[in-house]
Amino acid sequence: MNLRKGDIDLAVENDGILVLITHQVKAEESGQYETPLPRLLEIVDYAREKGMKFVTMEEMYQRVREYRGLA
């Protein structure tokens, strides 16, 4: 968890982009490749507290194109 918070802090500090990908989300952790819902919600809440915005991959792509003057 602290690793993800560090990733969030770094992205915010650098006004960057952070793509979070997770395995299957489950109510409780029951396997190696599953993310417990409480852990995911904690990460999302932390990112929102830091002012991060959540967008779809398409929205991110368009924002990057606009930033780069390609849109």
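Quick summary incoming for the structure in this document. In this text the structure is predicted, and so the values were computed from the model without any measurement.

### Brief notes about the overall build of the protein
- Of regular secondary structure, the protein possesses 3 helices and 2 strands.
- The order of helices and strands in the protein, counted from the N terminus, is α-β-β-α-α.
- A compact globule built from 71 residues would reach a C-alpha radius of gyration of about 11 Å, whereas the protein, at 14 Å, exceeds it by more than 25%.
- Each principal axis of the C-alpha distribution contributes one length, and for the protein these read about 45 × 25 × 15 Å.
- In the protein, which comprises 71 residues, the proportion classed as buried is 13%.
- Excluding contacts between residues fewer than 6 apart, the proportion of contacts in the protein whose partners are at least 24 apart in sequence is 40%.
- Of the charged side chains in the protein, 10 are positive and 13 negative; the average position of the first set lies 3 Å away from that of the second.

### Some details on the side chain of Glu34
- Summarising the element assignment, Glu34 is placed in strand S2 (residues 34-36).
- With relative accessibility at 16%, the residue Glu34 sits in the buried group.
- Once you skip the residues sitting within four places of it in the chain, Glu34 turns out to touch His23, Gln24, Lys26, Glu28 and Glu29.

Cut-off values and rules
- Here, residues in each chain are numbered from 1, in the same order as that chain's written sequence.
- Only residues with pLDDT of at least 70 are given local features in this predicted model, and only at 80 or more are side-chain atom pairs given and counted; all residues enter the totals for whole chains, interfaces and linings.
- Side-chain descriptors were evaluated using all non-hydrogen atoms of the structure, hydrogens and water having been removed beforehand.
- A run of DSSP states H or I qualifies as a helix once it reaches four residues; a run of E qualifies as a strand once it reaches two. Both are numbered from the N-terminal end.
- Here the globule rule is a power law, 2.2 Å times the number of residues to the power 0.38, and the radius of gyration is based on C-alpha atoms.
- Only protein chains enter the area calculation, which uses a 1.4 Å probe; residues under 20% of their type maximum are buried, those over 50% are exposed, and those in between are partly exposed.
- Here, residues are in contact when the closest pair of their heavy atoms is within 4.5 Å.
- When charges are counted, Lys and Arg contribute as positive and Asp and Glu as negative, whereas His and the chain ends are disregarded.
- Throughout, a charge is located at the NZ atom of Lys, the CZ atom of Arg, the CG atom of Asp or the CD atom of Glu.

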